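Spelled out from the first residue to the last, the chains are:
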Amino acid sequence: MVREELEVRLNNKEYKNWLKAGQCLLILKNGLHPFVNSRMRAFHSDLLNQNTLLRKPCETSSCKPRANKLSQVCRVCSMWREVILSHHRQPDATVNWDNCSPPSWRNDYWELAKAYMPRGQGKVKHAHECDASALLNLINYCNYFDVDGKYVKEVIRYRNELMHSCDLRVNDDWMRRYQTSLKHLVRQFINIPEMSTVEQQINHMLTVDFSIHTTGSDLMDSAVFQGLESDSATQLEISADLISQWEAELLQEKLQELLHAAADDDDDNDETQEAEQLMSLGGFLQANRDLAERFSAELQAIKSLRAGK
């Protein structure tokens, strides 16, 4: 039943595009996170070497943001705030202080990184736990990264269009423009070892056949992916499971982002848009029995949010 329902969804070309575009972001993230992790570690070390006050512990051990504001904090955490803003490419933009634990800035370079990321990163402790959006926003806003911001912003825009698509579909023209932006961005990191094969992996992802068939003679062209067996029947089964896994990961990311935003957002207009997207996504999940079972907890959360409005 799961495979049959997935096969029906994949009969829609624009839904397949949506899944492929999301998987390209995962490929990009996996290539970026070792580099970003290394750069943030170096950035943190440089800050400590340049400013002796930053080496001191928080004077209260309890400084924390309130309603995303970081106003009533000790002298040390105040200095950290100033330094973070001084390295922010848009210091007048909203800084998501709620992502951070200020007393940890002295010892944890990733707590520093989260100040440059979108909201909802509070529980994230390492680079590999971040999605592509978090890493791209960090690169975009922190001036320790020497990259052409134009290409970073383009990919962030495409990522947001993808994740905010109400019908979970993108057309071929969008995909061509997206692929071009990804190529330009990836080539900014041509000398980074982990990024050396990312463009090739993305190109393959965008051309691979996502079709699933019910007969053993017709196989999805995905044998190049690691973990697939050579046996035809096994290959078909794993291929279906692999696509299903990718689909679930992308839907999970979209769900969590919308649920977090709907729970925390104080802007009525944004709240309305996010609520509409949540209802639309909830309807899609309920219409597909396999997805409704997989995401039953999230569907209950959507129901609770709707009841509380």
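Anyway, here's the lowdown on the structure attached to this text. (Residues numbered from 1 in each chain as written. Predicted model: local features only at pLDDT ≥ 70, side-chain atom pairs only at ≥ 80, totals over all residues. Heavy atoms only, no water.)

**Description of the overall build of the chain**
- From N to C terminus, the chain includes twelve helices and zero strands.
- Tracing the chain from N to C terminus, the helices and strands come up as α-α-α-α-α-α-α-α-α-α-α-α.
- Pairs at least 24 residues apart make up 64% of the contacts formed inside the chain by residues separated by at least 6 positions.
- Surface exposure of the chain reaches about 15,400 Å², of which carbon and sulfur atoms provide 45%. (Helix = DSSP H or I, 4+ residues; strand = E, 2+ residues; numbered from the N terminus. Contact = heavy atoms within 4.5 Å. Areas by Shrake-Rupley, 256 points an atom, 1.4 Å probe, with all protein chains shown as cover.)

**Observations regarding the side chain of Gln121**
- Of note, Gln121 is situated in the loop between α4 (109-113) and α5 (132-141).
- By relative accessible area, Gln121 is classed as buried at 9%.
- Sequence-distant contacts of Gln121, that is, excluding residues within four places in its chain, are made with Asn99, Lys114, Cys130 and Ala134. (Buried < 20%, exposed > 50% of the residue type's maximum accessible area, 1.4 Å probe, protein only.)

**As for the pattern of salt bridges**
- In the structure shown here, the tally under the stated rule is 13 salt bridges.
- As a salt-bridge pair, Lys13 and Asp172 come within 3.3 Å of each other at their nearest N and O atoms. Of this pair, Lys13 sits in helix α2 (residues 13-50) while Asp172 is found in helix α7 (residues 172-186), placing the two residues 159 residues apart along the sequence.
- With relative accessibility at 44%, the residue Lys13 sits in the partly exposed group.
- Asp172 sits in the partly exposed class, given a relative accessible area of 34%.
- Between Arg176 and Asp173 there is a salt bridge; the shortest N-O distance is 3.9 Å. Here Arg176 and its partner Asp173 are both found in helix α7, three residues apart, which amounts to about one turn of the helix. (Salt bridge = Lys/Arg side-chain N within 4 Å of Asp/Glu carboxyl O.)

**A short note on the side chain of Asn288**
- In this structure, Asn288 sits in the loop between α10 (268-287) and α11 (289-294).
- Setting aside anything within four residues of it in sequence, one finds Asn288 in contact with Glu5 and Arg9.

**Quick look at the packing of aromatic side chains**
- Counted by the stated rule, this structure contains twelve aromatic pairs.
- Residues Tyr15 and Phe284 carry aromatic rings whose centres are separated by 5.8 Å and whose planes lie at 45 degrees to one another, so their mutual orientation is tilted. Here Tyr15, found in helix α2, pairs with Phe284, found in helix α10; they are 269 residues apart in sequence, far enough to count as distant.
- With a relative accessible area of 18%, Phe284 lands in the buried category.
- Each member of the aromatic cluster is reached from another via a ring pair, and the members are Tyr15, Trp18 and Phe284.
- Here the basic side chain of Arg157 rests over the ring of Tyr158, its NZ or CZ set 4.6 Å away from the ring centre. (Phe/Tyr/Trp six-rings, centres within 6.5 Å; stacked < 30°, edge-to-face > 60°. Lys NZ or Arg CZ within 6 Å of the ring centre and 35° of its normal.)

**Some words on unusual backbone geometry**
- One non-glycine residue, Ser61, lies in the positive phi region at around 65 degrees.
- As for its placement among the helices and strands, Ser61 is situated in the loop between α2 and α3 (75-86).
- The phi torsion at Ala67 lies on the positive side, around 55 degrees, for a residue other than glycine.
- Looking at where Ala67 falls in the secondary structure, it is placed in the loop between α2 and α3.

**Brief notes about α7**
- Taking 1.5 Å as the rise per residue, α7 with 15 residues should run 21 Å; its terminal C-alpha atoms sit 21 Å apart, in good agreement.
- For α7, the set of buried residues is Trp174, Met175, Tyr178, Ser181, Leu182, Leu185 and Val186. Projected down its long axis, α7 carries its buried residues within an arc of 130 degrees, all on one side.
- N-cap assignment for α7: the residue whose side-chain oxygen lies 3.2 Å from the backbone N of Asp173 is Asn171. (Expected span 1.5 Å × (residues − 1). Arc of directions from axis to C-beta. Polar contact = N/O pair within 3.5 Å; in protein donor to acceptor, adjacent residues only side chain to side chain.)

**Side note on the nonpolar core**
- If you look at the biggest cluster of nonpolar residues, it comprises 98 residues, and the most contacted ones within it are Val36, Met40, Trp110, Leu138 and Leu251.
- Broken down by element, the residue count for this core peaks at 15 residues, all from α2.
- Setting aside its immediate chain neighbours within four residues, Leu138 contacts Val36, Met40, Trp110, Ala113, Tyr116, Met117 and Phe145. (Core = buried A, V, L, I, M, F, W, Y, C linked by side-chain atoms within 4.5 Å.)

**Here's the deal with the packing of α2 against helix α8 (residues 198-207)**
- Where α2 meets α8, the axes come as close as 9 Å, and the angle between the chain directions of the two elements is 165 degrees. As summarised for this structure, α2 and α8 are arranged roughly antiparallel, according to the angle between their axes. α8 is crossed by α2, and the crossing has right-handed handedness. Contact residues: Lys20, Gln23, Cys24, Ile27, Leu28 and Gly31 in α2; Val198, Gln201, Ile202, Met205, Leu206 and Thr207 in α8.
- Each residue belonging to the contact of α2 with α8 can be placed in one class, and the counts come to seven nonpolar, four polar and one charged. (Axes fitted to C-alpha atoms, helices over the stretch in contact; angles between N-to-C directions. Parallel < 35°, antiparallel > 145°, perpendicular 65-115°, else oblique. Left-handed = near helix turned anticlockwise from the far one by under 90°. Nonpolar A, V, L, I, M, F, W, Y, C, P; charged D, E, K, R; others polar.)

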